[in-house]
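# Results of the structural survey
Residues per chain are reported as follows:
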Amino acid sequence: MQIEQLMEEWARWCAVREDNGLGYKSSSLNFIFERKVIKERVSEIPYGVDVDSVMSAIDQAVNRLPYIRKQVVIAEYRQIGSREVKAKHLNPPLQLGSFRNQLNLAHVAISRLPLIARLL
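Residues numbered from 1 in each chain as written. Predicted model: local features only at pLDDT ≥ 70, side-chain atom pairs only at ≥ 80, totals over all residues. Heavy atoms only, no water.

On to the nonpolar core. One finds Met7, Trp10, Ile58, Val73 and Ile110 to be the most contacted residues of the largest nonpolar core, which totals 28 residues. Among the secondary structure elements, those contributing two or more residues to this core are α1 (3–16), α3 (51–64), α4 (67–78) and α6 (96–111). Excluding residues that lie within four positions of it along the chain, isoleucine 110 makes contacts with Ile3, Met7, Ile58, Ala61, Val62 and Ile116. (Core = buried A, V, L, I, M, F, W, Y, C linked by side-chain atoms within 4.5 Å. Buried < 20%, exposed > 50% of the residue type's maximum accessible area, 1.4 Å probe, protein only. Helix = DSSP H or I, 4+ residues; strand = E, 2+ residues; numbered from the N terminus. Contact = heavy atoms within 4.5 Å.)

This part covers the pattern of salt bridges. For the structure shown, the criterion picks out three salt bridges. Close ionic contact of glutamate 76 with arginine 83 constitutes a salt bridge, the shortest N to O distance being 3.2 Å. Judged by relative accessible area, which is 31%, arginine 83 ranks as partly exposed. Glutamate 76 is the salt-bridge partner of lysine 86, the closest N and O atoms lying 3.9 Å from each other. With lysine 86 in helix α5 (residues 83–88) and glutamate 76 in helix α4, the pair connects residues that are ten residues apart, well separated along the chain. (Salt bridge = Lys/Arg side-chain N within 4 Å of Asp/Glu carboxyl O.)

As a further point, take the packing of aromatic side chains. The description of an aromatic ring pair uses the distance of the two centres, along with the angle that the planes make with each other. This structure, assessed with the given rule, holds zero aromatic pairs. Between the NZ or CZ atom of arginine 78 and the centre of the ring of tryptophan 10, over which it lies, the distance is 5.9 Å. (Phe/Tyr/Trp six-rings, centres within 6.5 Å; stacked < 30°, edge-to-face > 60°. Lys NZ or Arg CZ within 6 Å of the ring centre and 35° of its normal.)

Our focus in this paragraph is α3. Since there are 3.6 residues in each turn of an α-helix, residues three or four apart along the chain are aligned in direction. Across its 14 residues, α3 extends 20 Å between first and last C-alpha, which sits within 8% of the 20 Å expected from 1.5 Å per residue. Of the surrounding elements, those touching the buried residues of α3 are α1, α4, α6 and α7 (114–117). (Expected span 1.5 Å × (residues − 1).)

Relative to the helices and strands, proline 114 is located in helix α7. For proline 114, a relative accessible area of 60% gives the class exposed. With 57 residues separating them in the primary sequence, proline 114 and alanine 57 have C-alpha atoms 9.8 Å apart.

What follows deals with the packing of α1 against α3. Helix packing geometry: the angle between the two helix axes and the distance between the axes. At their nearest, the axes of α1 and α3 sit 10 Å apart, and the two run at 95 degrees to each other. By the criterion of interaxial angle, the relationship of α1 to α3 is roughly perpendicular. Touching Leu6, Met7, Glu9, Trp10, Trp13 and Cys14 of α1 are Asp52, Val54, Met55, Ser56, Ile58, Asp59 and Val62, all from α3. The residue makeup of the contact of α1 with α3, split by class, is nine nonpolar, one polar and three charged. (Axes fitted to C-alpha atoms, helices over the stretch in contact; angles between N-to-C directions. Parallel < 35°, antiparallel > 145°, perpendicular 65-115°, else oblique. Nonpolar A, V, L, I, M, F, W, Y, C, P; charged D, E, K, R; others polar.)

If you want it as structure tokens, here you go:
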């Protein structure tokens with residue numbers, strides 16, 4: 001498994017969480033997304049690994065990243081569009097090379113987590 005695959009799993013996990021962290025009931029949009037996307041895709045996380053623990057660890061690591069790096073990760077995995085468009089819409093906007101560099105640094109930081117390192 002590669003870090004990019006794990007981060008894509010994290011993005012899906014964030015999108016379909018029961019209450020989106022707000023304590024409210026699941027929306028019908030989340031239900032549709034979960035049924036169409038998640039149910040048709042087989043997770044690459046090995047059997048027996050607590051997926052929620054892994055995704056929570058990634059979520060916490062993303063939230064601890066420096067501001068720009070965190071925004072780059074969120075843009076890359078939770079927004080639609082090319083990297084060029086994502087980089088331009090950040091605040092402050094980044095050049096494509098800087099966007100890639102920040103994403104690589106985030107991948108390295110997340111990969112160093114003991115729970116994540118065992119999966120890679």
